[in-house]
Structures are given as structure tokens and as C-alpha cells.
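Letter by letter, the chains look like this.
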Amino acid sequence: MYARIIVDISHTNVDRVFDYRIPAGLEIQVGMRVAVPFGAKTVEGFVTGLAEETDFDDTKIKDLVRPLEDFPALTGGQMALAEYMKERYNITLAHALRFMIPAQLRGGRVNVKTQNHCRLALEGEELQKAKLALYTKDGKPKSPRQIEVIERLEGTDEGLPAAMFAASAVRALEKKGIITVAGEEVERLPFDKRIDLIEDYPLTDGQQNVLNEIFAAKENKRFLLHGVTGSGKTEIYVRVIRDCLDAGKTAIMLVPEISLTPQTYVFLRQRFDEDIAVFHSGLSAGERFDEWMKVRRGDARIVLGARSAVFAPLENIGAIIIDEHHETSYKADNYPKYSAQEIAKQRCGTEDAILILGSATPDIETYYAAEQGEYAILEMPERLFGLQLPQVQVVDMREELKNGNRSIISGQLYDLLKETFEAGKQAMLFLNRRGYSTFVMCRSCGYTVQCEACDVTMTYHKTSDMLKCHHCGRSKQVRKICPQCGKPHLKYFGMGTQQAEEQIASLFPGVRVIRMDMDNMSKKSAHLEAFERFSAGEADVLIGTQMITKGFDFENVDASAVLAADTMLNLPDYHSAEYTFSQITQIAGRAGRKQHGRVVIQTYNPEHYAVRYAKEHDYKGFYRHETAVRKMAQLPPFSTFVQIQFAGEKEQVVIHCVKDFITKLKTVLLPNKNVIMSIKASEAAIKRINNRERYQILINLKNGSDDVLGQIEKLFADAKYKDVLMGIDINPTGLI
């Protein structure tokens, strides 16, 4: 027998199947990872097929060395998905297959965790006799620690970890043959809390109608669930997952942020007496491996996680649900910049599974695609329990300045917070800037403290008394004297979450504050602890960046506020209005989940249409306005943007590569002038990040130009430039 193998080397020169002979006695299956000789080395590979014959000279075919596991690491569905990714993103098959397994599995960097476990080797009279020998004739214990081990083991059938006892006592009992000590597999659990089951909530007529439509679908099983905040979308997800499990199938649920994973995990565990596997970037290598193994063995039929969970090794998938599908975190940051939504759509198509995209603020391109028939639109326009959407007040911060208020808390917001705290209610405040001050400037000469490796100003963090770059992570001490003019006039400008926290503490003495941003949520359990503390009423106000805008559901939150809506409006990106509308709507939706809530939006641009429509909770109005703007400017979804990025340490080398690639592009673009609306080569919006000079080519194509797009992607895949990193993104979520 011969194994058809893709070697785990991501290079176009070896992006093909190699045949290896299977030695007698080895059990090899399709999907296994194996060790094979390749040149002078032994490398890892993936078995993509088996055959009784080979088209190559049998004398030149090498023997496969060994399987790396005793089970197939890849499912058939994953292998088909990798083939799709190879074609869709112009990557090697080895590169695509790597997405399907834990990264540390490659090279044997992670494995099953074991720990020594003690069990009783004797029972009945034999055990009692052995135990009696541990006492003196007058009944005093000779070996108290050994007796403790026996008595505790008598109370369990499962045995106990050896680490619970004195090592000398364990060794002595093992030597006497009273206990056995053996290494046993131990599961590393991301969440190990006990969670009790609760009954299903009764469905409203609106929820039941949505479910009826989902379950009645025979052909188009792709749905866009557009439901306002608090309309009960999560209950729809639960019922769809339950239907899958009842039919003997599996399900995947994606959430956009690690911060949402603990809350959603608790919610699902309350409803399902099933093991749930969790995938996200906050897991340790061991935890990620154990969760992957749990799914691969079939011990978990529900997978919950962020973007990477879409690759989970589930078989017989019944549904994939993407909550808050509009979030940009569902698109990969690095090449290939895959979209979890696109991957999910492909998996659902292959498995004949249901795909549900849920959001109160669907992204413009997806809603437009739904109007064209790509998804069935399901509407949930009303909140549960007859509650109204919160009342929104827009505050013009220009007027606050005129009245002498230079703080980030307007008079209207102060009054709202005062009423909220006095009533024993909670508030949530959103500010999309972490740190204390967003930049440091000399008031004498205008010098600003910039990152030495990036073309951005550094942010002051008061808690550490350091300046930090939020792009490359570098930090440095704060100076008192301006290095340019020598005067002691360095001043902090702008406002971050740390300063907002300080101002709230100053304005409302005794009010308890929790801050959630990347600076204080780095500890693995930090998100869950913050969620539980706020949920339990241990804090009065939650201040945070965008991680608090997504799906959090707190019953006692009566007020929410967007402290600075303009930070999103001023992005150099055609999505800026959409992101502003979405984030305002989402943070507004955190208020009044169980009572009538109130919201304040603070802005220097209250006339902007994104702010006006968000104030009225009018998604349809915003959608019509935004699509009219984009149609006039021929922006997606009415065209296709291609962004090709170049980055390198030497600017002239990068510029040379950009010019060379443009020369190559002409071979594709000149014969297809009719589909090209614009092409522009320029510096990136942030020209330098982490000591790399950044340039980009932006191409705007007419929709339906798939052939030309494919040729551009092929040029990109074949381009190789020394010392220059390249990336390509189709309809990028950001243009920095």
C-alpha cells in the first residue's frame, strides 16, 4: 500500500502530493499526520489518500517512517475545506491544513498531560489487614500519613492525584502493594466552574416565527438574523443548537471577542447537559490541544469560540452560528486574511448545514447580499418583555467647551450617572482609547512624543507611568523636559480609559469602577472575573473599550454612554460611518435590558448621519443612506477593493518592489481596462510600524470581475521579494 502525502512545508515548489510506501505492520489512515523522509531530513506530513499502486518508479519510493498519532488528526470535511482555502486564498495546501490543527501539535510541542494517580490495590479483608498493620498493638497510628492516604482513597472509586499526599507515604504504600500509582491523562480546563442547568425560556411569537422559518428551509439554509439589542437572538441560537443535537448532529457558535466567551459559555452550559469545547487565542497551548482532542474524539458536540473555532474538527455539522457577525475581528489579521463568515459558508454548503449570521447592526455588504438573495433575512424588531429601546440623548461637546466644561463628562451625562447611582443602578461607559492620555506634546514648540519604530504618537499610561505604542508594544519613560526645545512644558492631551476612570472616581466618590481594556485584561481569567463581579453588583460602573460593546447582558444597567463618538468617525476609512453607527447602537443596547434605559452620546459632530440614525435606533434608515453614499462613490458592495501591502525596513527597497509589482500588474490590468475603476499606489495611512516602512496598492474593480481578481491574486502568490513582506486583502475592514 502507498500513502499519498502532502509534506508540511509551505512552499510552492513542494505543493503537491508525494507517494510513500507503507511498511508492513503500520496502520495508516487518511487524515493522519505522519513522519516521512524528505531529502536528508525527516519531516511531518498529512495523509491525503491511500492507493494500492503508484505511477512512480517503485525502487525510488521511500518508506513512511511512522504515524505521529494513532488516529487521523484531520476529518474529511477539514481536508475538503483546506482544498477550498488553497484555491480561494492562493496558498499552499500545507499552509491551509495547518489551520485545522493546534499550532503546537506540529513538531510535538504539545501533548496529552498526565499526572500520577493513586488507587487502592487491595480491598475487603486484605485492605483492612494491611491498614491494621499501620497501627501499634495499643491502637496508636504508626504511619498517620499512610493511613490518611488509604482512608481518603476508600472514599472514592476514581482514585486521587498523588500530589495530594506526602510523597514518602505514597512511595511506602506503593512498595507494600497497598496502592498503585500510574500516570493518567488529565484534562486542562479553560473553565472549571460548576454550572447548574436551568429550564428553557418560553418563546415569544416573534422568536417562534423565526425558528419556524429556519427549520422549514430546504434549499437556502443561510440566514441573516437582524434583531435589535435585547430581542432574544441568543434563545434562537440555543434552540437551533438543540435541534442539531437531537438530530445526532454537531454545532459551532462563534463570538467576536474573548471577553464574550465566558458569558456565552456559562449561558450554553446552563442549557445543555453536554460537554462544550472552547477555542480562542487566550487559551494556553495545552488547553487548546485538550479542547481540540475533546472534539476530535467526539466527546464534545458543541464548539464555542472566536474566529479560529470555525476550523474545529467536528463531523456531521448541523449549524454554524456567528453572533455579532458584523465585527471586524472575524477577519484574520495576517495573510491569508480569511473571513470566518466565508469559511463558515463553505463548511455549511459542504455539510448541508444551517448558517446563521446574527446582529443588531449587520454589516452593509452582508445586508446588501441578503437583499440580493444570498441570505434569507429574519427580522426581530422588538425587545423582549415589551421593553422599549433606550432613550438616546446626543450631547454637542462644542457647547460643553463654550460653557467651560473641559472634562470628558458632560453636564447631561453627569446628571444621568448621578440619578443612576442614587437609584442603585449600574452604568456602562464606552471609550475606544485605552491608556490615560492619547499623546504628549510640548506647549512651547509643538513637539509630540512619537514611537521610534512607528509613525504614531505614544500613549501615556498613568498606572505604569510609561509611554506605550499601541502598534508595536514598545514603551519608554516619561520625560519632564522637551527634548526639542529644552523647556519643561510637556503636556498630556487626549483622553483614554484610565483618565475616564479617574474622572468618574473624582466626580462620584465611593462609586466602584471596573475598567476593561487590553491593558488590564491580559490575565487569562480577567474577562470572566470582570463579568462576574459586575454581574454580581460589585461595581457601579463599567468603563471599557470596544470589548464591552458586544453582547454583554446585565439586568441592572440603566445607563450607558459613548464618551467620544468622533474617534470612530475620523478614521481614514470608508467604513468609518458604519463603525460609528454600529458601536453607538451596540453600547446603547447595553442599557435597559430589563427596564427602560437611557443613553448619552457625546460628540463634536452631532449632525453626522451615523449619529442621527443611531439616536433613533434606525438601522434601515442608516443602511439606505450609507448604500446611497457608497453607490455614488462606487465603493463596496458596489465594487471590489483589492489592497496589496508591502512592508520592509529599507524604504527604497520597498518602493522598488511596489514599482516592480505595478509593472507585473499591467499585464493583467491593461487588457481589462473596462473593469478597473481606479488604481493607486501610496504610503499606508500609518507609514511605519515596528521599524517597517509600509506602502500599498489599492485597486477598485467593478463587481463581477472574478477572473481579473483571480489573476491579481495569482500574481501576488507568485511574487517573491527579498526583505519585503507582502499581504493582500479583498474588501479590507480597515485601510491603515
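What counts, and at which threshold
- Residues numbered from 1 in each chain as written.
- Predicted model: local features only at pLDDT ≥ 70, side-chain atom pairs only at ≥ 80, totals over all residues.
- Heavy atoms only, no water.
- Phe/Tyr/Trp six-rings, centres within 6.5 Å; stacked < 30°, edge-to-face > 60°.
- Helix = DSSP H or I, 4+ residues; strand = E, 2+ residues; numbered from the N terminus.
- Buried < 20%, exposed > 50% of the residue type's maximum accessible area, 1.4 Å probe, protein only.
- Pairing = 2+ DSSP bridges.
- Axes fitted to C-alpha atoms, helices over the stretch in contact; angles between N-to-C directions.
- Parallel < 35°, antiparallel > 145°, perpendicular 65-115°, else oblique.
- Left-handed = near helix turned anticlockwise from the far one by under 90°.
- Contact = heavy atoms within 4.5 Å.
- Nonpolar A, V, L, I, M, F, W, Y, C, P; charged D, E, K, R; others polar.
- 1 Å grid on protein atoms, 1.4 Å probe; cavity = no way out; pocket = protein on both sides within 12 Å on 5 of 7 lines; lining within 4 Å.
- Points joined across faces, edges and corners; volume = space filled by probe spheres on them.

1. Section: the packing of aromatic side chains
Here's step 1: Scanning all chains against the criterion turns up 20 aromatic pairs.
Here's step 2: Plain terms: the ring middles of phenylalanine 71 and tryptophan 292 are 6.2 Å apart, the flat faces sit at 45° to each other, and that makes the pair tilted. With a gap of 221 residues between them, phenylalanine 71 in the loop between strand 5 (66-67) and helix 1 (76-89) and tryptophan 292 in helix 9 (residues 285-296) connect regions that are remote in the sequence.
Here's step 3: Exposure remark for tryptophan 292: the relative accessible area of 2% places this residue in the buried category.
Here's step 4: Pairing phenylalanine 581 with tyrosine 619 gives two aromatic rings, centres 6.2 Å apart and planes at 50°, and the pair type is tilted. You can see phenylalanine 581 sitting in helix 17 (residues 576-588) and its partner tyrosine 619 sitting in helix 19 (residues 619-633), a full 38 residues away along the chain. For the residue pair phenylalanine 581 and tyrosine 619, the accessibility class agrees, reading buried in each case.
Here's step 5: One aromatic cluster is present, built from ring pairs that chain together Tyr367, Phe581, Tyr609, Tyr619, Phe622 and Tyr623.

2. Focus: the pairing of strand 25 (residues 557-562)
Regular strands show a simple pattern: their side chains alternate between the two faces of the sheet.
Here's step 1: Across the six residues that make up strand 25, a large majority, six, are buried.
Here's step 2: Alignment of strand 17 (residues 426-430) against strand 25, held across five bridges, turns out to be parallel. When the sheet's bridge partners are listed, methionine 428 is paired in strand 25 with serine 560.

3. Here we look at the sheet that holds strand 24 (residues 541-544)
Here's step 1: As summarised here, the arrangement of the six strands in space is 16-26-25-17-24-23, forming an open sheet in which the pairing is parallel. Taken across any chain shown, the strands that pair with only one partner, and hence form the sheet edges, are strand 16 (391-396) and strand 23 (513-516). Along the sheet, successive strands turn relative to each other by an average axial angle of 15°, direction set aside.
Here's step 2: The sheet contact formed by strand 25 and strand 26 (residues 598-603) spans four bridges and is parallel.

4. Topic: the packing of helix 1 against helix 10 (residues 340-351)
Here's step 1: Helix 10 packs onto helix 1 with a crossing angle of 130° between their chain directions and a minimal axis gap of 11 Å. Relative to helix 10, the element helix 1 is oriented oblique. Every pair of crossing elements has a handedness; the one defined by helix 1 and helix 10 is right-handed. Across the interface between the two elements, Gln78, Leu81, Tyr84, Met85, Arg88 and Tyr89 of helix 1 pack against Glu342, Ile343, Gln346 and Arg347 of helix 10.
Here's step 2: Taken together, the residues of the contact of helix 1 with helix 10 sort by class into five nonpolar, two polar and three charged.

5. Digging into empty space enclosed by the protein
Here's step 1: Under the definition given, this model contains one cavity of 30 Å³ or more.
Here's step 2: The calculated volume of the largest cavity comes to roughly 30 Å³.
Here's step 3: Along the walls of the largest cavity sit Phe191, Lys193, Ile195, Pro262, Tyr265, Val266 and Leu528, which together make up its complete lining.
Here's step 4: The dominant element in the lining of the largest cavity, judged by the number of residues it contributes, is helix 8 (residues 260-271), at three residues.
Here's step 5: Residue classes in the lining of the largest cavity are distributed as six nonpolar, no polar and one charged.

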